[in-house]
Amino acid sequence: MSGYGRTQDASSRHDARNVTLLWLLASAIMTPIVVFVFGPHLPPGHGSNEAAGQVMDNTVLLATATPIALGVLVFIAYSLWAFREREPHLQADGAALRGNSSVQFWWIVATTTVALSLSGYGITRLLETGAGGGQGPEPIALPPHASSALQVQVIAQQWQFTYRWPSFGGVETREIELPAHTLIEFNVTSLDVIHSFWAYQLGVKADANPGINNIAYVTTRGPLAFEVRCAELCGVWHGYMYNGGQVVPRAAFASWIARERLRYAPATRNLTPYSKTYFPEPQRRAG
Amino acid sequence: MSAAAATSPGPMSARAPLWRRLIGFNLLTGIALGVGGWFLGHWIGSEIHGESLAYFAETAGENDIAIMLGYLLGVIGFLIGLGFAVYPVQRLLGRQPTLAERESHEHGLLRYFSLSTDHKVVAKQYMVGVGFFFFIGGLNAMAIRTELLQPNTHVFGANQYLTLVGMHGSMMMGIFTSGVLGPFANWLVPIMIGSRRMAFPRIESLTFWLLMAAGVVLITTIFFGGFQTGWTGYQPLGDQGTAGYDAYIGFFALVGISMTLLGFNLIVTIVTMRAPGMIWSRLPIFVWSVLATAGLMVLAAPTLIATLLMAAMDRTVQTAFFIPGQGGSPYLFQNLFWVFGHPEVYVLALPGFGIVLELLPVFTRKPLWGYRLAVAGMLGVGILSFFVWQHHLFVSGLNADLRPFFSLSTELISIPTGFIYLCALGTLWRGRIRFTVPMLFCLAWAFNFLWGGVSGIFLSDVPSDVTTHGSFFVMAHFHYTIMGGLIFAFFAAIYYWVPKMYGYKLSERLGKWHFWIMFLAFNSTFAPLFALGFLGMPRRVVTYATNLQGLNDWVSASAYVLGLSLLLFLANAVWSLVFKREPAARNPWQSKSIEWQLPTPVPLHDFEQLPVFDGDPYPYGEERAPLPAVAPAGEGA
Amino acid sequence: MSGYAKRAVGTAIVTAAVVAAVVLYVALYLTNVPGSVAATSTRAGAQLYLATVPEAERSDPHPTWVSFYAVNATAGDWRHVTTYEVPANSLVRMTIYQFDSPSGLRNPFISQVAGTVGGVMTLDGKVTRAIPPEAASHAFAIPQLGISVPLEGVEEEAKNACEHAPCSLANAHRTISFVIHTPGKGLYRWQCFVPCAAGFIQGFGGPMQTVGYMGGFLKVV
């Protein structure tokens with residue numbers, strides 16, 4: 001016998017109503033806060049179309065996760081308060097409830113609906129332009145006019161990124177500047193081990209695999225500075241494998257790349273022909 | 001066998017001098033033969049290689065074949081020294097095999113340093129052994145956080161830092177996969193199903209000693225230059241490494257074998273050795289979780305062993321499985337590793353689910369709510385865990401057109417996980433909740449795993465994952481699920497079952513201090529990691545953007561407090577179990593589960609008479625006597 | 001000894017052993033890093049002399065590994081360190097005595113000098129902007145500062161080639177010197193870019209991945 005002054009059923013309905021009201025209240029307060037206060041500041045910012053798309057995805061996920069997390073927390077907090085043992089000397093048991101098919105059924109329906117919706121949403125967004133992620137050598141999520149994108153090859157090696165520009169004489173540079181409001185096609189590859197090209201503010205991440213061309217699309221927006229970091233452990237200097245980059249107006253980009261071609265002309269004479277993948281020696285044990 | 005005859009069982013051996021009792025098959029002999037095996041293997045490896053390998057070995061200054069053979073023969077010697085060859089050799093020679101029970105003829109403390117066929121002894125060996133390597137892994141974590149206090153000053157060498165990272169991850173992911181199954185499944189599963197032993201007691205002991213050998217092999221990596229790949233061991237980076245990577249291969253190969261054998265043993269035991277009346281719908285939920293976990297271990301670990309064999313061959317006999325310029329595939333290792341790696345993390349999560357659902361009825365005084373749904377949740381998580389692994393490879397470029405499938409499957413796995421939560425919530429509802437230390441840890445599990453699970457939803461969404469993959473966000477996610485989930489459940493299990501396993505009480509007061517400090521410090525340590533990942537900090541880095549130093553310092557300070565809370569637990573354990581030794585009551589938690597109906601200490605054969613079960617272990621609030629239907633003799637005697 | 005006392009002693013011994021092991025682990029392994037050497041300051045400014053060798057000295061823990069050493073102007077005073085202290089916001093002249101034979105560059109891009117004053121180096125007295133990629137033996141690069149200098153190798157069949165450290169200027173060698181402009185205070189890392197780690201897969205294991213051999217730090221003070 002619970003001895004809490006009400007019949008069991010009325011007690012239960014009373015508690016259930018309390019939990020539901022508390023949950024609705026908490027969700028009504030927290031969800032707008034999370035969406036409108038945190039939302040605009042979610043990573044990775046609005047530096048490119050893909051980055052802005054990720055911010056939108058994160059906002060949707062956060063808006064969905066907030067009521068779910070609050071539901072669990074409110075329920076637990078309420079239960080710990082309402083159903084705490086108040087009469088330990090009685091050594092009594094609680095209610096012998098073993099289940100409730102209706103609750104279980106609707107829980108399954110609700111969780112499945114949420115899971116399928118979130119998944120469908122994410123997949124749809126992914127298939128638009130690839131969301132800035134590496135899609136392998138034959139991407140299926142192509143942005144419009146993908147064939148006229150500016151191709152930039154990202155060569156990852158132990159332990160720096162270099163960039164090669166096939167439409168500018170195949171020149172290779174250490175620095176990267178990109179023209180604003182342009183569709184860029186990153187062709188990411190590696191010369192040795194697995195690295196990962198992560199341009200944070202552009203919302204781009206593509207693993208650099210040796211012998212594989214990993215393509216990621218991004219449409220830049222206005223001028224900004226971005227940071228490139230290696231996101232896959234590649235050896236002792238992995239943490240130091242980073243460089244900065246800039247998105248600049250188109251004219252500034254044109255003059256920059258012309259200057260780079262002059263500057264790196266000696267190296268360009270020594271480079272192997274431009275290719276989507278490279279297999280430099282030594283591949284096996286060095287002699 | 002002469003050695004078996006020298007240490008004959010019976011009261012005489014208890015009075016024989018210590019040095020005489022040390023001769024025979026035990027840990028000391030194991031270490032001696034292990035060291036001998038190392039030198040033998042190393043010598044053979046140095047002799048057998050051909051000319052080109054000799055040249056490479058000389059210029060590199062290391063011989064990988066010698067090292068791998070050294071590890072192999074060392075471990076074999078170790079196991080022979082412990083006595084694992086006795087039974088096979090006896091059978092091969094056509095002799096009458098000794099009964100399993102007769103093999104555990106040691107008494108007292110020496111039982112724990114030899115091959116024991118008493119499942120309770122093996123469980124305690126596991127508890128201390130796994131605890132020891134957990135401690136080492138934790139120390140490495142403290143070192144990592146010390147290094148990350150400043151981006152532009154280095155406390156440790158850059159190579160050593162990566163080995164720290166790899167050792168921490170490997171200790172935890174390798175050793176601690178047996179962290180719950182080792183101590184608790186081995187101790188509880190036979191008793192909970194009404195059996196006196198596991199199906200294969202010698203194999204049970206083997207899994208323990210293999211794990212200890214594995215831990216030692218991993219520690220030897222520091223003598224060979226460490227390994228630079230982290231616990232995931234990616235190729236081709238691993239191929240480049242010094243011989244420290246061979247230690248990593250040896251470690252995980254041994255862990256894989258141990259896991260496979262442990263899984264088989266548990267499955268066979270649960271399927272074939274249940275006592276009368278223990279039908280599937282009465283099986284304790286903890287045993288269901290162990291069954292699901294064992295299934296995962298048996299199917300996933302062999303993939304790891306095969307993958308590591310390929311890596312070993314790349315490094316020793318000049319194959320090129322993972323070297324692209326020679327026809328190998330740079331994707332192959334990642335892909336195969338995660339086929340193991342993803343079920344592996346559910347090997348860590350499922351026992352946590354099982355412990356919490358097993359304990360909640362005791363401390364809410366209600367039956368487990370939604371038993372069938374909970375079982376469906378365990379099995380659903382287990383089965384689905386094999387279909388999600390490529391979510392670790394979303395931006396790798398591998399199978400990009402399959403990403404929608406893996407995104408969906410990863411999202412779907414939240415559904416059976418949700419079942420577990422519903423059953424936990426339902427068990428709390430209208431209970432009579434007692435806030436004992438085990439209950440506090442169970443509640444913390446519910447809180448921590450919630451954040452781990454929610455962050456998983458972000459990671460399963462590919463656009464969101466583009467930014468968070470390989471960043472500290474992922475670190476926060478898996479620390480919340482594995483440490484916040486499993487480790488907290490593990491401590492719940494310790495505070496709950498230690499009184500029965502050891503017969504002594506753990507201090508409740510120290511326990512509550514341990515809990516609160518650990519819970520607050522844990523959240524303080526890992527919550528900011530979500531922010532660090534969102535702000536662009538990659539994993540496994542020794543330096544980071546200077547504007548992130550404030551957050552990193554907060555995390556490091558909290559990590560030190562977290563470490564202190566674990567030292568507090570250690571102090572509690574040593575004080576209560578070694579010194580104070582206050583006898584525990586037979587059933588301090590008034591649990592209606594069968595293990596609490598046995599006397600403390602539990603006798604060698606567990607049950608005088610095998611029980612007959614007439615219901616599930618949760619008859620709270622119902623008019624049914626606690627199990628077993630047949631009272632064991634010795635009760636109250 | 002009573003049971004209690006025995007347990008106390010046992011616990012004390014175990015604790016002491018654990019603490020000792022941890023201390024040894026930290027002192028002998030974790031913090032075991034090579035030392036540093038400061039650039040000598042002369043009337044002409046700060047000077048740093050380095051040498052690259054095919055094998056380290058016989059007494060080294062890895063006697064067969066390629067390595068950088070810090071030396072003085074006459075290639076004497078060989079110190080096996082890879083952390084170099086240089087003054088901030090100054091011109092530092094670096095001279096590298098290169099004793100090893102070529103391995104070739106993995107990325108021929110590294111064949112061009114970058115980031116030095118004038119974008120050039122002096123190779124055996126001649127001002128050079130780039131070397132043939134297959135002639136590179138080692139490289140000295142500080143990626144964070146955009147500095148990258150390829151170090152040309154000595155011919156395979158050269159007379160009087162140096163086998164292992166310490167070498168002398170009488171051995172066949174190349175002298176490469178260049179000037180860098182150091183930034184403000186900070187810690188930067190440098191590395192070689194040639195796959196010169198003989199015996200390791202892709203030539204990038206072992207010494208290439210171990211601080212103290214083919215990689216280290218530049219401490220700008």
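Residues numbered from 1 in each chain as written. Chains lettered and ligands numbered in written order. Predicted model: local features only at pLDDT ≥ 70, side-chain atom pairs only at ≥ 80, totals over all residues.

*Asks:* Where do I start with the overall build of chain A in this structure?
*Replies:* Across its full length, chain A carries 5 helices and 10 strands. In terms of overall dimensions, chain A has C-alpha extents of about 90 × 50 × 30 Å along its principal axes. Counting the 287 residues in chain A, one finds 44% classified as buried. A separation threshold of at least 6 residues defines the contact pool for chain A, and within that pool the share at least 24 residues apart is 72%. (Helix = DSSP H or I, 4+ residues; strand = E, 2+ residues; numbered from the N terminus. Buried ≥ 20, exposed ≤ 12 C-beta atoms within 10 Å, placed from the backbone. Contact = placed C-beta atoms within 7 Å.)

*Asks:* Sorry if this is basic, but what is going on with the overall build of chain B here?
*Replies:* From N to C terminus, chain B includes 24 helices and 0 strands. Since a compact globule built from 637 residues should have a radius of gyration of about 26 Å, the 25 Å found for chain B is in line with a globular shape. Taking the principal axes of its C-alpha atoms as reference, chain B extends roughly 70 × 60 × 45 Å. When each of the 637 residues of chain B is scored for burial, the buried share is 63%. By sequence separation, contacts in chain B at least 24 residues apart represent 81% of the contacts at least 6 residues apart. (Rg over C-alpha atoms; globule rule 2.2 N^0.38 Å.)

*Asks:* Got a minute to help me understand the confidence of the model for chain B in this structure?
*Replies:* Close reading of the predicted structure is inappropriate where its pLDDT is low. All names here are of chain B. The pLDDT averaged across chain B works out to 91; a share of 94% of its residues lies at or above 70. Counting interchain partners and residues more than four positions distant, the pLDDT-below-50 stretch residues 1-13 has 17 contacts. Across residues 629-637, confidence stays below pLDDT 50; counting only partners more than four residues off in sequence or on other chains, it has 16 contacts. Prediction confidence for the complex, expressed as pTM and ipTM, is 0.94 and 0.94 respectively. (pLDDT = per-residue confidence, 0-100.)

*Asks:* Is there a simple way to think about the domain arrangement of chain A in this case?
*Replies:* Many authors give the size of an interface as the accessible area that is lost as the parts come together. Residues and elements named next belong to chain A. Segmentation of chain A into domains returns domain 1 (8-84 + 103-129) and domain 2 (146-270). One C-alpha centre belongs to domain 1, the other to domain 2; they are set 38 Å apart. Each partner contributes residues to the interface: domain 1 has 9 residues there, and domain 2 has 12 residues. No other element matches helix α2 (residues 49-82), which puts 4 residues into the side of domain 1 that touches domain 2. Looking at the side of domain 1 that touches domain 2 residue by residue, the classes come out as 2 nonpolar, 6 polar and 1 charged. (Domains from an automatic or database assignment. Nonpolar A, V, L, I, M, F, W, Y, C, P; charged D, E, K, R; others polar.)

*Asks:* I would appreciate a short explanation of the confidence of the model for chain A in the present structure.
*Replies:* Looking at chain A as a whole, its pLDDT mean stands at 93, while 97% of the residues score no less than 70. For residues 1-6 of chain A, every residue scores under 50 in pLDDT, and the model assigns this stretch 4 contacts once sequence neighbours within four places are set aside.

*Asks:* Can you help me understand the domain arrangement of chain B in this one?
*Replies:* Residues and elements named next belong to chain B. For chain B, the assigned domains read domain 1 (25-87) and domain 2 (116-323 + 333-597). Here domain 1 and domain 2 have C-alpha centroids that lie 31 Å from each other. Contacts between domain 1 and domain 2 engage 12 residues on the former and 14 residues on the latter. Looking at the side of domain 1 that touches domain 2 element by element, the count peaks at 9 residues for helix α6 (residues 64-82). Considering only residue class, the side of domain 1 that touches domain 2 consists of 10 nonpolar, no polar and 2 charged.

*Asks:* Got a minute to help me understand the interface of chain A and chain B in this structure?
*Replies:* At the junction of the two partners, chain A supplies 76 residues and chain B supplies 78 residues. With 12 residues, the single largest contributor to the side of chain A that touches chain B is α2 of chain A.

*Asks:* I'm lost on the sheet that holds strand β9 (residues 224-230) of chain A in this one. Help?
*Replies:* Either a parallel or an antiparallel arrangement is found when strands of a sheet pair, and the pairing is made through backbone hydrogen bonds. Residue and element names in this part refer to chain A. If you trace the 5 strands from one edge of the open sheet to the other, you get β4-β10-β9-β6-β7, paired in mixed fashion. In this open sheet, the two strands that pair with only one neighbour each are β4 (176-179) and β7 (204-208). Between one strand and the next, the sheet's axes are offset by a mean angle of 20°, whatever the strand orientation. Pairing of β9 with strand β10 (residues 242-248) involves 6 bridges; the strand directions are antiparallel. Following the sheet pairing, Arg229 is matched in β10 by Tyr242. Most of the contacts of helix α4 (residues 250-263) go to β4, to which it runs at about 140°, and overall it touches β4 and β10. (Pairing = 2+ DSSP bridges. Axes fitted to C-alpha atoms, helices over the stretch in contact; angles between N-to-C directions.)

*Asks:* I tried to follow the sheet that holds strand β1 (residues 150-157) of chain A on my own but got confused; where do I start?
*Replies:* Residue and element names in this part refer to chain A. The strand order across the open sheet built from 5 strands is β3-β2-β1-β5-β8, with neighbouring strands paired in mixed fashion. Looking at which strands have only one partner, the edges of the open sheet turn out to be β3 (171-173) and β8 (214-219). The average undirected angle you get between the axes of adjacent strands in this sheet is 25°. As paired strands, β1 and strand β2 (residues 160-165) are joined by 5 bridges and run antiparallel to one another. Along β2, the bridge assignment pairs Ile155 with Thr162.

*Asks:* I tried to follow the environment of Val217 of chain B on my own but got confused; where do I start?
*Replies:* All names here are of chain B. Note that Val217 resides in helix α12 (residues 201-219). Classification of Val217 by C-beta neighbours within 10 Å gives buried; the count is 23. Placed 295 residues apart in sequence, Val217 and Lys512 show a C-alpha to C-alpha distance of 36 Å. Dropping the residues within four chain positions of it, Val217 is found in contact with Tyr71, Ala247, Gly250, Phe251 and Leu254.

*Asks:* Is there a simple way to explain helix α20 (residues 437-460) of chain B in this structure?
*Replies:* Structural remark: α-helix, 3.6 residues per turn; residues separated by three or four positions point the same way. Its 24 residues give α20 of chain B an end-to-end C-alpha distance of 34 Å, which sits within 8% of 34 Å, the value for a rise of 1.5 Å per residue. Counting buried positions along α20 of chain B gives 23 out of 24 residues, so the element sits mostly inside the fold. (Expected span 1.5 Å × (residues − 1).)

*Asks:* I keep staring at the interface of chain C and chain A and nothing clicks. Help me out?
*Replies:* Each side of the interface is counted separately: chain C has 29 residues, and chain A has 27 residues. Residues of the side of chain C that touches chain A, tallied by class, amount to 13 nonpolar, 13 polar and 3 charged.

*Asks:* How should the pairing of strand β6 (residues 91-98) of chain C be read in this particular structure?
*Replies:* Successive residues of a regular strand alternate their side chains across the two faces of the sheet. As defined by bridge partners, strand β3 (residues 45-53) of chain C adjoins β6 of chain C across 7 bridges and the pair is classed as parallel. By the bridge assignment, Thr52 of chain C is partnered in β6 of chain C with Gln98 of chain C.

*Asks:* So what exactly am I meant to see when it comes to the nonpolar core here?
*Replies:* In summary, soluble globular proteins display a tendency toward joint burial of nonpolar side chains. In terms of nonpolar packing, the biggest core is built from 343 residues, with Phe197 of chain A together with Val356, Ala374, Phe441 and Ala492 of chain B touching the most fellow members. Ranked by the residues each element gives to this core, the list is headed by helix α22 (residues 472-502) of chain B, at 22 residues. If we skip the residues at most four places from it in the chain, Ala492 of chain B touches Ile355, Val356, Leu359, Pro438, Phe441, Cys442 and Trp445 of chain B. (Core = buried A, V, L, I, M, F, W, Y, C linked by C-beta atoms within 7 Å.)

*Asks:* Is there a simple way to explain unusual backbone geometry in this structure?
*Replies:* Negative phi is the rule for most residues except glycine; trans is the rule for most peptide bonds. Gln158 of chain A connects to Trp159 of chain A through a cis peptide bond whose omega is 5°. Following the sequence through the fold, Trp159 of chain A ends up in the loop between β1 and β2. A cis amide bond links Thr600 of chain B with the next residue in sequence, Pro601 of chain B, at an omega value of 0°. Tracing the backbone shows Pro601 of chain B in the segment after α24 (549-580). With a phi close to 50°, Gln91 of chain A is a non-glycine residue in the positive phi region. Mapped onto the fold, Gln91 of chain A is located in the loop between α2 and α3 (101-129). Positive phi, normally seen in glycine, also occurs at His145 of chain A, with a value near 60°.

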